[in-house]
Amino acid sequence: MSERVPLCKPGFGKEELKRIGEVLESGWLAHGPRVKEFEEKFAGYIGAKYAVSLNSCASALQAAIMAKSLKGEIILPSFTFPASANAIVNAGCVPVFADIEKDTMNISPEDIMKKINHNTVGIMPVHFAGLSCKMDKIMEIATNHDLTVIEDSAEAIGSTYQSKKTGSFDIGCFSFYPTKNITTGEGGMITTNDEKIAENARTIRGHGVKKGAFEREKLDKPWIRVSVMPGYNFRMNEISAVLGLTQLKKLDRFNEKRRENAKYLSKGLSRYKQITVPSEPEDAYHVYQMYVIQVSESVDRDNFVIFLRNNNVEASVHFEPPVHLHPYYMNEYKCREGDLPITENVAKRVVTLPMFPSMTKKQMDKIIVTICKALEKCKQ
Ligand SMILES: Cc1ncc(COP(=O)(O)O)c(C=O)c1O
C-alpha cells in the first residue's frame with residue numbers, strides 16, 4: 001500500500017525546538033517577554049497598531065465582541081466552523097446567518113444587506129479556506145449602517161484583499177491551531193488600530209486584571225492585582241509565543257508554497273467537468289489554508305470522500321452540516337433546512353483535499369490519479 005497523503009502537516013524545524021528549549025531554561029512560561037514580542041511582530045505583519053495574543057481564535061472572537069461592548073445581532077455565514085457562531089453567543093450577542101456566494105463560498109454582501117435591521121450591531125465575515133471575503137463591499141455596508149466588523153481570519157493568515165491584509169480592516173481574529181497557515185499548537189490573536197479595544201481585550205483575557213505579570217514587574221508594587229471585570233484565562237503561553245515567532249518568519253514562504261501546490265492541483269483537476277476547483281478573484285491573494293473543490297450533482301460526494309480516504313488520500317469535508325443546522329442553533333434560534341439554499345447546497349458538494357507547504361509533486365500526482373478513479377467509481 002502506498003503512503004497516506006495527510007490532510008495537513010505543520011512545518012517545524014530545529015529552530016522551533018531550540019527556542020522552546022530556551023523558554024524552558026528561562027523558567028518564565030506564561031505571559032512574558034516572548035508573548036509581547038510575538039504580539040508586536042504580528043501587528044507589524046498584519047499592518048495593525050495593536051495585537052493581543054490569546055489561547056485560541058474562539059477566545060479572540062469572543063473577547064473582541066466583548067471588548068467593543070457589542071449587544072445585539074451579529075451577521076455571519078453559516079458555512080463556517082461552529083466556533084464563529086459560538087463566540088457570538090458566548091459574548092451575549094445573537095448570531096444571524098447570511099447565505100454565501102457559490103463560487104467563493106464566502107458570505108454574500110447582498111444577503112448581509114437583507115439581514116440588517118435595527119438590532120444589528122456587527123458583521124463577522126469569515127475568510128473561508130484562505131480566501132478573503134469582498135471586504136470593500138462589507139466595509140461600505142458597515143460604514144453606512146454604523147456596524148462593527150469582526151473578521152474571522154482563522155483560516156486566512158497572510159491573505160489580502162486589494163493588497164490589504166485580512167484582519168486589518170476593523171477588528172481581526174486569527175487562529176494558530178495546527179491545521180492553520182502557521183501554528184503555535186493552540187493559539188489566537190486579535191488585531192486592531194483601536195487602543196481601547198486592545199486594552200479591553202487584554203483585560204478580558206487575563207482574569208479582568210488590566211496588567212499581566214510581565215508589565216506589573218515594572219511597577220512599584222507588582223503584587224497588586226485588581227479585577228475590573230470578571231474576565232477569563234484566555235492567555236497565550238511563552239512556548240506558544242516562540243513557536244509563533246519562528247513560524248511567522250516562515251509564513252510568506254509557506255503561503256507561496258501553498259499557492260504553488262494549489263496551482264498544480266487545479267491544473268490537474270480542471271480537466272474534469274464534474275469538479276470545480278477553488279476560485280481566486282483578481283483582487284484577492286488566496287493562502288489556501290484548505291484546498292476545497294466542489295463536485296457536481298452527478299458525483300456521489302460522500303462515497304467520493306470515502307473512496308479517497310480508503311485509497312490513502314486523506315480528504316475531508318468543511319463544513320457539513322452548516323452551523324444553522326447544528327442542533328443548538330436549530331433549537332435556540334429556530335433555524336431550519338431551506339433557510340440558506342446556497343450554503344446548504346455547497347455543504348453537500350464540497351470536498352477538502354490535502355494541502356500543506358511541504359506536499360511533494362508525487363503526493364499531488366497521487367491525489368489527481370486517485371480522484372480520476374473516484375470519479376469513475378462514484379457516479380450517481
Ligand atoms: C473559521 C474559523 N473560526 C474559528 C476557528 C476556531 O479557532 P480555534 O481552534 O483557534 O479556536 C476555526 C478553527 O478551526 C475556524 O476555522
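Predicted model only: the values in this text are computed from it and were never measured. (Residues numbered from 1 in each chain as written. Predicted model: local features only at pLDDT ≥ 70, side-chain atom pairs only at ≥ 80, totals over all residues.)

Per the secondary structure count, the chain includes 13 helices and 13 strands. In summary, the chain has a C-alpha radius of gyration of 21 Å against a globular reference of 21 Å for 380 residues, a match within 12%. Oriented by its inertia axes, the alpha-carbon framework of the chain measures out at about 75 × 55 × 35 Å. A fraction of 72% describes how many contacts in the chain between residues 6 or more apart in sequence connect residues 24 or more apart. (Helix = DSSP H or I, 4+ residues; strand = E, 2+ residues; numbered from the N terminus. Rg over C-alpha atoms; globule rule 2.2 N^0.38 Å. Contact = placed C-beta atoms within 7 Å.)

The next thing to look at is the packing of helix α9 (residues 238-269) against helix α13 (residues 361-377). Two elements in contact, α9 and α13, have axes separated by 10 Å at closest approach and are oriented at 30°. It follows that α9 is roughly parallel to α13 by the angle criterion. When the axes of α9 and α13 are compared, the crossing they make is right-handed. Contacts between α9 and α13 involve Asn 261, Tyr 264, Leu 265, Gly 268 and Leu 269 on the former and, on the latter, Met 364, Ile 367, Ile 368 and Ile 371. (Axes fitted to C-alpha atoms, helices over the stretch in contact; angles between N-to-C directions. Parallel < 35°, antiparallel > 145°, perpendicular 65-115°, else oblique. Left-handed = near helix turned anticlockwise from the far one by under 90°.)

Here three strands make up an open sheet; going across it, the order is β10-β12-β13 and the pairing antiparallel. Of all strands in the sheet, those bounded by a partner on one side alone are β10 (275-276) and β13 (350-353). In this structure, strand β12 (residues 291-295) lies alongside β13, joined through four bridges in antiparallel fashion. Within β13, the residue paired with Gln 294 across the bridge is Val 350. (Pairing = 2+ DSSP bridges.)

Further remarks concern the domain arrangement of the chain. For the chain, the assigned domains are domain 1 (14-248) and domain 2 (251-377). Computed from C-alpha atoms alone, the centre-to-centre distance between domain 1 and domain 2 is 26 Å. Counting from both sides, the interface comprises 31 residues of domain 1 and, opposite them, 30 residues of domain 2. Within the residue set of the side of domain 1 that touches domain 2, elements represented by two or more residues are α4 (82-90), β3 (94-98), β6 (160-161) and α9. Looking at the side of domain 1 that touches domain 2 residue by residue, the class counts come to 15 nonpolar, eleven polar and five charged. (Domains from an automatic or database assignment. Nonpolar A, V, L, I, M, F, W, Y, C, P; charged D, E, K, R; others polar.)

Moving on to the pairing of strand β5 (residues 148-152). Counted residue by residue, β5 has four buried out of five residues, so it is predominantly covered. Inspection of the sheet shows strand β4 (residues 120-123) paired to β5 by two bridges, in the parallel sense. Across the sheet, the residue bridging to Gly 122 is Thr 148, located in β5. The parallel pair β4 and β5, bridged by helix α6 (residues 135-145), forms a crossover whose chirality is right-handed. Pairing of β5 with strand β8 (residues 171-175), which is carried by three bridges, proceeds in the parallel orientation. In the sheet register, Ile 150 faces β8, and the bridge partner there is Ile 171. (Buried ≥ 20, exposed ≤ 12 C-beta atoms within 10 Å, placed from the backbone. Right-handed = clockwise from strand over helix to strand, strands pointing away.)

Across the interface, helix α3 (residues 57-67) lies against helix α7 (residues 195-205) with an axial gap of 9 Å and an inter-helix angle of 125°. When the axis of α3 is compared with that of α7, the two are oblique. Between α3 and α7 the crossing geometry is right-handed. For the pair α3 and α7, the contacting residues are Ser 59, Ala 63, Ala 64, Met 66 and Ala 67 in the first and Ile 197, Asn 200, Ala 201, Ile 204 and Arg 205 in the second. For the contact of α3 with α7, the class distribution of residues is seven nonpolar, two polar and one charged.

A few words now on the nonpolar core. One finds Ala 60, Leu 61, Ala 63, Ala 64 and Ile 190 to be the most contacted residues of the largest nonpolar core, which totals 110 residues. When residues of this core are assigned to domains, at least three map to each of domain 1 (14-248) and domain 2 (251-377). Not counting residues up to four positions away in its chain, the partners in contact with Ala 60 are Leu 54, Cys 173, Phe 174, Gly 188, Met 189 and Ile 190. (Core = buried A, V, L, I, M, F, W, Y, C linked by C-beta atoms within 7 Å.)

Below, the discussion takes up the site of the ligand. Within the structure, the ligand sits among 14 residues, and Ser 56, Cys 57, Ala 58, Ala 154 and Ser 175 are positioned closest to it. Those elements giving two or more residues to the shell around the ligand turn out to be α3 and α4. (Near = placed C-beta within 6 Å.)

For the rest of this paragraph, the subject is α3. Within α3, eleven of the eleven residues are buried, which leaves it mostly tucked inside the rest of the structure. Taken together, the buried positions of α3 are Cys 57, Ala 58, Ser 59, Ala 60, Leu 61, Gln 62, Ala 63, Ala 64, Ile 65, Met 66 and Ala 67. Tucked inside the fold, the buried residues of α3 contact β1 (50-54), α4, β5, β8, β9 (188-192) and α7.

So, on to the sheet that holds β4. Pairing is mixed across the open sheet formed by seven strands, whose spatial order is β1-β9-β8-β5-β4-β2-β3. Edge positions in the sheet fall to β1 and β3, since each has one partner strand and no second. This sheet shows a mean twist of 25° between the axes of neighbouring strands, independent of strand direction. Alignment of strand β2 (residues 73-77) against β3, held across five bridges, turns out to be parallel. Across the sheet, residue Pro 77 finds its bridge partner in β3, namely Ala 98. Against the sheet, α4 makes contact with β2, β3 and β5, and its axis sits at roughly 175° relative to β2, the strand it touches most. In the packing of α7 onto the sheet, contacts are made with β1, β8 and β9, and the angle to β1 comes to roughly 15°.

Assignment of secondary structure puts Phe 12 in the segment before α1 (14-26). The class of Phe 12 is partly exposed, set by 14 C-beta atoms lying within 10 Å. Separated by 170 residues in sequence, Phe 12 and Ile 182 have C-alpha atoms that sit 9.8 Å apart.

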